Amino acid sequence: MSPTVFRAGGLRFYFFSREESRLHIHVSGHAGEAKFWIEPRIEPARNFGLAEAELTAAWKLIEEHENDIRKAWRRHFCIFRAKVATDSDAKLPLIPNQTCQSFRRKVATHSEPNLPV
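As the structure is a computational prediction, the values presented were derived from the model and not from experiment.

A. Region of the structure containing the sheet that holds strand β5 (residues 43-48). With respect to topology, 5 strands assemble into an open sheet ordered β1-β2-β3-β4-β5, the strand pairing being antiparallel. At either margin of the open sheet sits one strand with a lone partner, and together these are β1 (4-8) and β5. Sheet twist, expressed as the mean angle between neighbouring strand axes with direction ignored, is 20 degrees. With 5 bridges connecting them, strand β3 (residues 24-28) and strand β4 (residues 33-37) associate as antiparallel partners.

B. Fine view of the pattern of salt bridges. Scanning all chains against the criterion turns up 3 salt bridges. For Arg41, the salt bridge is made with Glu43, and the minimal N-O distance between the two is 3.6 Å. According to the relative accessible area criterion, Arg41 is exposed, its value standing at 52%. Each of Glu39, Glu66 and Arg70 takes part in one network of salt bridges that share partners.

C. Broad picture of unusual backbone geometry. Residue Pro40 is reached from Glu39 by a cis peptide bond, and omega for that bond is 5 degrees. Within the secondary structure layout, Pro40 lies in the loop between β4 and β5.

D. How the structure looks around the nonpolar core. Grouped together as the largest cluster of nonpolar side chains are 21 residues, with contacts concentrated most on Phe13, Ile25, Val27, Phe36 and Ile62. For this core, the secondary structure elements donating two or more residues are β1, β2 (11-14), β3, β4, α1 (52-64) and α2 (66-77). The residues contacting Val27, other than those within four sequence positions of it, are Leu11, Arg12, Phe13, Tyr14, Gly32, Glu33, Ala34, Phe36, Leu50, Ala58 and Ile62.

Cut-offs and rules
Residues numbered from 1 in each chain as written. Predicted model: local features only at pLDDT ≥ 70, side-chain atom pairs only at ≥ 80, totals over all residues. Heavy atoms only, no water. Pairing = 2+ DSSP bridges. Helix = DSSP H or I, 4+ residues; strand = E, 2+ residues; numbered from the N terminus. Axes fitted to C-alpha atoms, helices over the stretch in contact; angles between N-to-C directions. Salt bridge = Lys/Arg side-chain N within 4 Å of Asp/Glu carboxyl O. Buried < 20%, exposed > 50% of the residue type's maximum accessible area, 1.4 Å probe, protein only. Core = buried A, V, L, I, M, F, W, Y, C linked by side-chain atoms within 4.5 Å. Contact = heavy atoms within 4.5 Å.

Printed below as a string of structure tokens:
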């Protein structure tokens, strides 16, 4: 499964459902595709045939849509972040889709009730 997060400038931005847990997004263009890390900072991870202009355009679009990408990632992969006193995020592991609902209930009853979903 490869859900599309958004399309812009002739590019498709999407996730692969069965991949590593580090926040990233894939981009598909006319002549190739690329993978960009979102964390710890936005940067290209790999490029498989995207022209320099497409790669630059993709990078700019990812920066513009960073918040939407992060929300879509959390929603799709069922990631939850618990707020800690220092105002930084504590990261919890990826949760398989079949356990998302029970995990949400468990987290909601044992921590802050308004975790981002």
